[in-house]
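So the chains spell out like this:
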Amino acid sequence: MLFYCAKIENGFAYLDEEESRHLLTVLRRKVGDTFQLTDGQGFFYETEITEVGKRHAIARIISKIPAPLERAANLHIAIAPTKHIERIEWFLEKAVEIGVGEITPLLCQRSERNTIRLDRLEKVMLSAMKQSLRARFPKLNELTRFQKFAIATTETQKRIAWCSAEQLPHLKTTISSQESTVIAIGPEGDFSPEEIDLALHNGFTGVSLGTARLRTETAGILAVSVFNLF
């Protein structure tokens, strides 16, 4: 069981209310018990509980261990949130488990959803990070208009997937996991022609994810998986 703690100071970890409740109430741990946590910044910690309260727990750091490097380069997935939020939550859960460094929710011309709750999505991602025993919490950006995103993103490899009438190269033949990469996935109605033109004008390469017509969240998972296979 892996816990998460963002506040580690002077050799002690200060767990928030939710993590403390799970540690003390659900698992019934007590002062003197040891457990493992991560700071989400690439480190694991072996700790010992030194103080407990109704809404908090404090643990002494016994050892600090750097996690192995997960990927040679950063993977950034930009994806339009689905109409039904549970589908994009499923994508986030699986993407974190497989391996992703950054996620940007996109607001596109054909988007079916124009609002999200970052706190809710972060909880899904946090749970996935702990479940998969990872020590790095991916960066989750605010909902961003596609036009702003396409112009501002600076990754070495920039790819955009859409259902083109022309034959596009498959994503797997156009990327290297040794270079920072961003992959853009559109809404169920796909990117508009104007959005595609804007992306191509700003250094993106159009790619295919295969011959099947995929749901947005499925396309996102496929993109994450392809990158992590190399």
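Everything that follows concerns the structure shown earlier in this document.
Being a predicted model, the structure only gives us computed values, none of them experimental.

Caption draft 1: How the structure looks around the packing of helix α2 (residues 85-98) against helix α3 (residues 118-131). Packing of α2 against α3 brings their axes to within 8 Å, and their N-to-C directions diverge by 35 degrees. Of the two possible hands of crossing, α2 and α3 adopt the one that is right-handed. Contact residues: α2 offers Ile85, Ile88, Glu89, Leu92, Glu93, Val96 and Glu97, while α3 offers Arg120, Leu121, Val124, Met125, Ala128, Met129 and Gln131.

Caption draft 2: Layout of the nonpolar core. Grouped together as the largest cluster of nonpolar side chains are 31 residues, with contacts concentrated most on Ile77, Phe91, Ile103, Leu171 and Ile185. Elements that contribute at least two residues to this core include exactly β7 (75-79), α2, α3, β12 (181-185) and α6 (216-229). Once residues lying within four places of it in the same chain are set aside, the contact partners of isoleucine 103 are His76, Ile77, Ile79, Phe91, Leu92, Met125, Lys139, Leu140 and Asn141. The next biggest cluster of nonpolar side chains, apart from the first, holds 16 residues, and it includes Ala150, Ile160, Leu168 and Ala184.

Caption draft 3: Up close: the side chain of arginine 134. In this structure, arginine 134 sits in the loop between α3 and β9 (139-140). A distance of 3.1 Å separates a polar side-chain atom of arginine 134 from the backbone oxygen of valine 96. Among the polar contacts listed, one links the side chain of arginine 134 to the backbone oxygen of isoleucine 98, at a separation of 2.7 Å. Once residues lying within four places of it in the same chain are set aside, the contact partners of arginine 134 are Leu2, Thr38, Phe44, Glu70, Val96, Glu97, Ile98, Gly99 and Met129.

Conventions we followed
- Residues numbered from 1 in each chain as written.
- Predicted model: local features only at pLDDT ≥ 70, side-chain atom pairs only at ≥ 80, totals over all residues.
- Heavy atoms only, no water.
- Axes fitted to C-alpha atoms, helices over the stretch in contact; angles between N-to-C directions.
- Helix = DSSP H or I, 4+ residues; strand = E, 2+ residues; numbered from the N terminus.
- Left-handed = near helix turned anticlockwise from the far one by under 90°.
- Contact = heavy atoms within 4.5 Å.
- Core = buried A, V, L, I, M, F, W, Y, C linked by side-chain atoms within 4.5 Å.
- Buried < 20%, exposed > 50% of the residue type's maximum accessible area, 1.4 Å probe, protein only.
- Polar contact = N/O pair within 3.5 Å; in protein donor to acceptor, adjacent residues only side chain to side chain.

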